[in-house]
Structures are given as C-alpha cells and as structure tokens.
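Read off the chains here:
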Amino acid sequence: MKGLSTRFHLALGLSSLVASVLLVSLYYGLVPDRDAALRSGRMALAEAVAISATELLDDDGNERLAHVLNFIARRNPELQSVGVRRHGGELLLQAGAHAQHWHAPAGGISTDSQLVVPIQAGAQRWGHVELRFTPLRPPDWWGVFTLAPVKLIAAVALTCFVLFFFYLRRMLRHLDPSKVIPGRVRTAFDTLADGLLVLDPRGQIVLANKAFVDKVGRSAEELTGQAATVLPWTNSAQARIHPADTPWAACLADGAPRHNFMLYLTLDAHGEQRRSFMVNCSPVPGAGGKPAGVLVSFDDVTELEEKEIELRLARDEAEAANRAKSDFLANMSHEIRTPMNAILGFTELLRRGYQQSAQDTQRYLASIHGSGQHLLELINDILDLSKVEAGRLDVERIPCAVHEVVFEVLRVMNVKALEKGVALNVQFPESLPASVLTDPSRLRQVLTNLVGNALKFTRQGEVTLRLSMNVQQADAGPPRMQVDVMDTGIGIVPDKLDAIFEPFVQAESSTTRQYGGTGLGLAISRRIARALGGDVTASSTPGRGSTFHASFETGSLAGAAWLNPVELQAAQAQVVQEEVAQWAFPAATVLVVDDGAENRELVRLVLEAAGLQVRQAENGALALDAVAAGGVDLVLMDLQMPVMDGFTATRALRDRGVTIPVLALTANAMQGFEREIDAAGFSGFLTKPVDIDGMLAELARRLGGQQVGVRALGVAVGPQAPVAAAPAPAAGQREPIRSRLAQHPRLAKVARSFALQLPAKLQAMGQALARQDLDELSQLAHWLKGAGGTVGFDAFFEPAREFERHAKEADLPALQIGLKQLQEMADRIEVPAAAPAVAEA
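Trainee: Describe the environment of S525, and please don't skip the residues or the numbers.
Mentor: With respect to the helices and strands, S525 occurs in helix α15 (residues 521–531). Spatially, the C-alpha atom of S525 lies 9.4 Å from that of T448, the residues being 77 residues apart in sequence.

Trainee: Pulling in residues and values, what's your account of the pattern of salt bridges?
Mentor: Note that side chains of opposite charge can pair when their charged atoms are close. Here the structure, examined in full by the defined rule, presents 24 salt bridges. Where R86 meets E90, a salt bridge forms, and the shortest distance between an N and an O atom there is 3.9 Å. Since its relative accessible area comes to 32%, R86 is described here as partly exposed. Taking the relative accessible area as the measure of exposure, E90 reaches 49% and is therefore partly exposed. Overlapping salt bridges bring together K215, R275 and D300 as one network.

Trainee: I'd like to hear about helix α25 (residues 812–827), residue by residue, with values.
Mentor: Look at α25: 23 Å from first C-alpha to last across 16 residues, which is about the 22 Å you get at 1.5 Å a residue. If you check which residues of α25 are buried, you get A814, L815, G818, L819, L822 and M825. Taken end-on, α25 shows its buried residues confined to a sector of 135 degrees, consistent with a single buried face. Exposed residues lying more than 90 degrees from the buried face of α25 are P813, I817, K820 and D827.

Trainee: Describe in detail the sheet that holds strand β8 (residues 258–266), supporting the description with residues and values.
Mentor: Spatial ordering of the open sheet is given by β6-β5-β10-β9-β8-β7, a layout of 6 strands whose pairing is antiparallel. In this open sheet, the two strands that pair with only one neighbour each are β6 (205–208) and β7 (233–234). Two strands pair when backbone bridges link them, and strand β5 (residues 195–199) and β6 are joined in this way by 3 bridges, in the antiparallel orientation. For L199, the partnering residue across the bridge sits in β6 and is I205. Seen against the sheet, helix α9 (residues 247–254) touches β5, β7, β8, β9 (274–284) and β10 (293–300) and runs at an angle of roughly 145 degrees to β8.

Trainee: Tell me about helix α21 (residues 692–703), and please be specific about residues and values.
Mentor: Compared with the 16 Å implied by 1.5 Å per residue over 12 residues, the 16 Å span of α21 between its first and last C-alpha is a close match. Inspection of α21 places M695, L696, E698, L699, A700 and L703 among the buried residues, and these make up the whole buried set. Once α21 ends, the next one or two residues include G704, with phi positive near 80 degrees.

Trainee: Please give an account of unusual backbone geometry that cites residues and values.
Mentor: Even without glycine at this site, N260 takes up a positive phi of about 55 degrees. Counting through the fold element by element, N260 comes out in strand β8. For Q772, which is not glycine, the phi dihedral falls at a positive 60 degrees. Topologically, Q772 is positioned in the loop between α22 (748–771) and α23 (774–790).

Trainee: Any details on the side chain of S276? Residues and values, ideally.
Mentor: Position of S276 among the secondary structure elements: in strand β9. Only 2.6 Å separates the side chain of S276 from the side chain of E305, close enough to count as a polar contact. Residue contacts for S276: discarding those within four places in its chain leaves M262, L263, Y264, D299, D300, V301, T302 and E305.

Trainee: Explain the packing of aromatic side chains residue by residue, including any values.
Mentor: For the structure on display, the rule yields 8 aromatic pairs. Ring geometry for W233 against F298: centres 5.3 Å apart, planes inclined by 10 degrees, an arrangement best described as stacked. Of this pair, W233 sits in strand β7 while F298 sits in strand β10, placing them 65 residues apart in sequence. Accessibility classification places W233 together with F298 in one group, the buried group. On the basis of an interplanar angle of 85 degrees and a centroid distance of 6.0 Å, the ring pair of F647 and F682 is categorised as edge-to-face. With F647 in helix α19 (residues 646–655) and F682 in the loop between α20 (673–680) and β25 (684–687), this pair connects stretches of sequence that are 35 residues apart. Residue classification places F647 among the buried positions, given a relative accessible area of 14%. By the ring-pair criterion, three or more aromatic residues cluster together here, those being F212, W233, W248, F277 and F298.

Trainee: Hey, could you go over the sheet that holds strand β12 (residues 423–427) for me, with residue numbers and the actual values?
Mentor: Pairing in this open sheet of 5 strands is mixed, and the strands run β12-β15-β16-β18-β17 from one edge to the other. Edge strands, defined here as strands with exactly one partner in the open sheet, are β12 and β17 (535–541). Taken over all neighbouring pairs, the strand axes of this sheet differ in orientation by 15 degrees on average, direction set aside. The pairing of β12 with strand β15 (residues 462–470) spans 5 bridges and is parallel. The residue of β15 that forms the bridge with A423 is E462. Strands in contact with α15 are β17 and β18 (545–553); relative to β17, the strand with the most contacts, it is inclined by about 135 degrees.

Criteria and thresholds
- Residues numbered from 1 in each chain as written.
- Predicted model: local features only at pLDDT ≥ 70, side-chain atom pairs only at ≥ 80, totals over all residues.
- Heavy atoms only, no water.
- Helix = DSSP H or I, 4+ residues; strand = E, 2+ residues; numbered from the N terminus.
- Salt bridge = Lys/Arg side-chain N within 4 Å of Asp/Glu carboxyl O.
- Buried < 20%, exposed > 50% of the residue type's maximum accessible area, 1.4 Å probe, protein only.
- Expected span 1.5 Å × (residues − 1).
- Arc of directions from axis to C-beta.
- Pairing = 2+ DSSP bridges.
- Contact = heavy atoms within 4.5 Å.
- Axes fitted to C-alpha atoms, helices over the stretch in contact; angles between N-to-C directions.
- Polar contact = N/O pair within 3.5 Å; in protein donor to acceptor, adjacent residues only side chain to side chain.
- Phe/Tyr/Trp six-rings, centres within 6.5 Å; stacked < 30°, edge-to-face > 60°.

Encoded structure:
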C-alpha cells in the first residue's frame, strides 16, 4: 500500500503541474478560446440580420424579409429563433417559435444566447431584431464544467494522471536501489556463504547477495524492489507466516535485533523442495532513532536439520535395539543359567560324594550331559547368527535325500511330541526327487528349529510336515523344494508375522515368559534358507495355528530319480541304530596340553580307552620340554594357557624343526579362524566341547588307526506310519503326563523314582505354604523345575519356574493357584514301569 500511495501522489503532482501550465496558457491567450469565437460569430450574424431587415422592410407585408429570416434560421443550427419587433413592442415577423423561446433580457442588454440589435428608420429607431441562440453553458453552476477550457484542462489532467501512475510503476520496478551501493560492498556481499538481504524501512528488498538468490532460485533483478514476504515463508508446521510476524518486520518495528529465528521456504508447488533457514536480523541505524533498514542473514541449515532427523531416528532405533538386547540378555541369562545350574549342581554332588549308588552317578552324569548339550545348542545359535550377520555363513551343495533328513528330524522330535500328546505327521502330496544338491546339515538345522518351534507353541492337536516341489520356469530361476510346517497351536497375530524373524524378538513379551526361548531360531532359519537359495515365510490365524514355509534350491534335476508318494512313505519305515566306531591304534603317545585338569582328564580317559599312551602338560612351556624329551607322536594343544599359549608353543616347535602333527584344541568356532591356525603351524584343529568320535577319527587318520567295528549306544525305531499322538483320554479326563525316558532301558528307573517321590514333595510344599515359609517353597520349586526336566517330565518345568518366581515375590494368592495346578498335574503322571538295568554294550 505504501508503494501504491507513493505512485498516486507522484502522478497527481505531475498531472497538476500540466493543468497549471494549461491555465497559464489560456490566460495569456496561448490557447484559442472557442466560446469567444462563438460569441463573435453570433454578433456578426446578428448585425447581418439587422442590416438585411433594414433593407427589406416595406409596407407590403415584408414577405421577402420573412423568407430571409427563415433561411438564416435553417442555415444556423445554434439559432433557435429570430424575430423583428417594432419599437412599441409589436412582434412583426418571426422565424421559429420565437415568441415561445424569447425572454426579454434585463435592461435590454444582450447575452451570449439572446442578442438584441436595433433597426433605424432614418434618424429614428424603428424597432430591433431579436436572435435566440442555444446557450453556451447551462444556466446553473454545473455549466462551468462544460466550458471548453475546463474540459480541456480536466481531460489533459486525468489522462496525464493515469499515464503517469502506470508509467511510474513500471519505471520504479526497473529502478535498482542496489546501484547506490558501492561495487566493492556488493562484491563482498556476494562472496559470503550465507544468504543476505538488505531491506528498506518498508521491508522491500534493496540488495540480495548471490548466495541468497542461488538458494531461493530467483534472480537479483526479480527480487529487488519486492517485499521480502513475496517469498512463501512458512513455519515448522508448514503454515504460511503473516508478514507482520516475520523477524525483519519486528526488527523494523522496535529497532531490536532478532537472532536464531527458524524459517522454512518451499521452492516448488508440490512442497518437496523445502529449505530450512536460521534467520538473524540487525537494524540499520537511521535518523531519529528509527531503523533506516535491516540486514537479514539466512543460514541454510537444511542438511543439519535432516541430519538431526536421521540422528533422532537412529537414536530411536538404537533405543529399540537396546531394549531388544536387554530383553535378549534377560532371556539368555535365564536360558544359560538353567543348564549351568544343573551342571554345577550335579557336579558338586559328585565332588562331595553325595551319590549313594551307581544309578545315582549315572543319573547325575546324564543330567550334566543333557544340560551341556542344551548349553552348546544355545552357543551354536549365537555363533550361527553372528556368522550370518557378518556374511560368512558358508553352505555346501552336496547330494542329499531330503525325505531322509525329514525322517531324521521327526525321529528326534518325536520324543517331545509324544510327551506333549501332539501328533507329528508327514505328508507327501506329490512325487519328489530322490536326491537334490543342498546342505543337509543346514537343512536339518532349519527343519529342527521350525518343528521344535511348532511343538513349543502347540498344546494339543498336531504338527504336520508337507513336502512339495516348486519347479520354476527356465527364465524364472532354478527349481526349489518347499517344506511346510503346519501346527494347530496358539497362532500369531498378522502384524507380528514379520517381527518374529528379527533376532531376539518373539511375537509377544508374554510368549517369552510362558514358553521360554531366545528368539534366535526363526531369525537363523530364515538366513540359512536364504543362503540355500530359498526363504522362510509364515502365515497364521490366531488361535487356530501357523504354517511356516521353508524353501531351498535343489540344483539341476536333469536325470534325477523321482520317488512317488507310496515309495516315500515306505522309506519312512526304517530302523535306525545309533552306533559309534571302535578304533584300533598302533603304539603311539599323545601329548595333551591344557591348563584345565578336567579337560586333560577327559581326553586321557578317552585316548587310553582307545589303546593310546597319554602324557600331560599344563602350558606351552612344559609342552616344549615334553616334546624335547622325545617319544611324542602327536600333540593336542590348547590355545589359551598361562606361561605360554598354544600359538607361541607351536611356533617354537616348528622353529625347532619338529614335524609331528600338532592339533589345536579351541572353543573358537568363528569363520576365518582356520587361517590363524595355519599361520601358527598347526596341522589342524578340534573344537571344544570335544566331539569324541570326531577326535578319534582324526587321530586315527594322523596315527594310522583302523576302525575295527561299531558299538551300539541305543536303538531308535522310526515310525511305521506318520507319528501319531498317544490315545485320546476318555471324556472328562485330562491328557496323561509321560516321561520321555519312560522307555529308556537304563534311565526309566530314574523317571520312576521321581514320580514316586513327587507326592511327598508336593505335600511338603503345601505345609511350607501354610507356614508361609517362602524360602523352603522356593527351594522345593527349584528342585521340581530342575528334576522334572532331567527325568523327562518337562511339563513341570514352566509351572515350577513360575511357582519359584511367585515364592521369591511373596505372591501368596498366586502360590495357592500354582500349588493346585501342580497337584492336578501330579495326579496325571503315568509312572514308568520298573525294569531291570541293561548293561551297556
């Protein structure tokens, strides 16, 4: 509005000057006066009429004069009427409606519209001629504006005002106020990295430096003379900022600087190119204490703000990962401490000699072995995940009978299925190749994870494996085989189907508390399947069960033999006997180097049982002395030992020219460790915990041992038909609880002993609860949790663990409910039948 007012006043002043010049010109006669010329012409006409009337008047009726008057009236449009009147007032002749139009002027003085010209008859006045003309202007005051000079001045003034107004707008737009700024100052402004604007007191842009125009995508000429608010400034909520709310408007209003004001500028119509600026305003001092302008700096912080958003997202992800890691550590702590508690507890019993018979010793050792196997599985899961995430998971491509791998998994998992009363089935809806190229051990790991997971979350019903082919077209990739693991368990809500494949994540936090687990199995399975050229996906209906689809590449099937469903079912009816090899070694001495006496003792017992001589050393320095003494044919060398580690000792042996085999004993199973072993001069390595069969086989290869037979450790009978559940209980009855060791020839009596003493333990728990002896309750629950799993009654593990937790929390109502649940479960126990001990073959 200020710009509009300025142009208006300038145009008005200029047009007034033009009007004044015209008035002066009229005054001095420089401009012709039309009205004066008209008056002069009317006077001349009046005089001519009077002369004609004087000549033509006669006493014969004056017809000639009448014709002349009529002619004159017709020839002059402005002449309304003409009359000839005698001196006495008689109207002798008229042309037009003279009597109607004529009004005698006051005092007989002529006006510009009514002229009176006397007629003489000799020396006497005979009469006069009256001429009525159209008035030159209206009789009222408005008539002044109809005068020709006034019209001329008004027309010229108005035309000039309009022309000046638009001309000034155009000229002011092209005027560059920045021209008044010295070139050196402007060059200095353009070299600055921050955007700069110089605004006048009205907030209009006087100067915009190069950095600013580059950032906003406008030219300096386009911006100069425009208000700074012509750009679409917005706030953080992307709402347009009112011009009065801008920091430079506030700075101009009160003369105080403004700092660190955030403004946002949208550079495109779609709002995709959005820049963020940190704005600072400094007033330019002017006269009277009022700002003469303002200097505005714009620091482009778009990238910093984007980084801040990324950091915030990264922080949220890190916090989520930290929470997941904390949950994982809590779960892993429980999962590790449970088997470690059994291992340390039963080891302590053996150390203190608490066993009362050989059967007690075997039971304690079986518990230690089972807990150790469970602990090893946990460690393997963690190592597998680390290998996968490091991109170092190697898989093989060797011939593999997939159906045999499936049968093997079923045989292993059948014990758990029978214990829970869940049917374990396999289906072959179509023919399958007898052999494919894949990694059987990795495939077995995937299927074991999936079947174990299905059994964990299935309380009743069945778990079914279905094998099928997915033969791809030649241009769509290699053929794949798919194994669907279907269960009738608790199911998974749809929004958790993707999350369950993330490490350390389960569908619900309550799932971990109720069912246990680390949340690694599915994550590892998916990564292994993808390494095998397939994938693991899931579909589920909450409350009705889940299906996990595991696929893997089979390699080329050209020329492959195929088995129909009948042949595949027939292959399932097999008796598999677990056997270990028996070896005969030539006379040889093995040096076992380990700082752990228990580890040395274990290896010594195994090797001496195989007919080998064993020497021992506690560290690498002693090992060097033992080898130097001679008579050593092979060295088993631990890596981490005091005094001298295995790497140093082996390098020293090789430097001395010792060439006998040196095998490393290591717990490091990470990918790439072999290179470090080779560089140190080792002949090979064995992993801890020691695989006895693998160790004997490796020593036989190094020392020339021969396999002389096999020894049976037990017989596992494969199902003649798909594994089914136990017979259904009668109406009103609950599923019986059976021990998975009930049919074991040596361990069934341990399960029987547990079942027989359980009622007394529960009675003691009831008495302790009545006394509110929480410590005793916790101890009894801890016994039930560990002993139940050890003897194969795994159903007691979770209830006993919850009971122990409630005892530690002093939750008496929950303890009452828990004890009632345990007593109900005890009533459902199926006590194994007594059987004579079977000597080990």
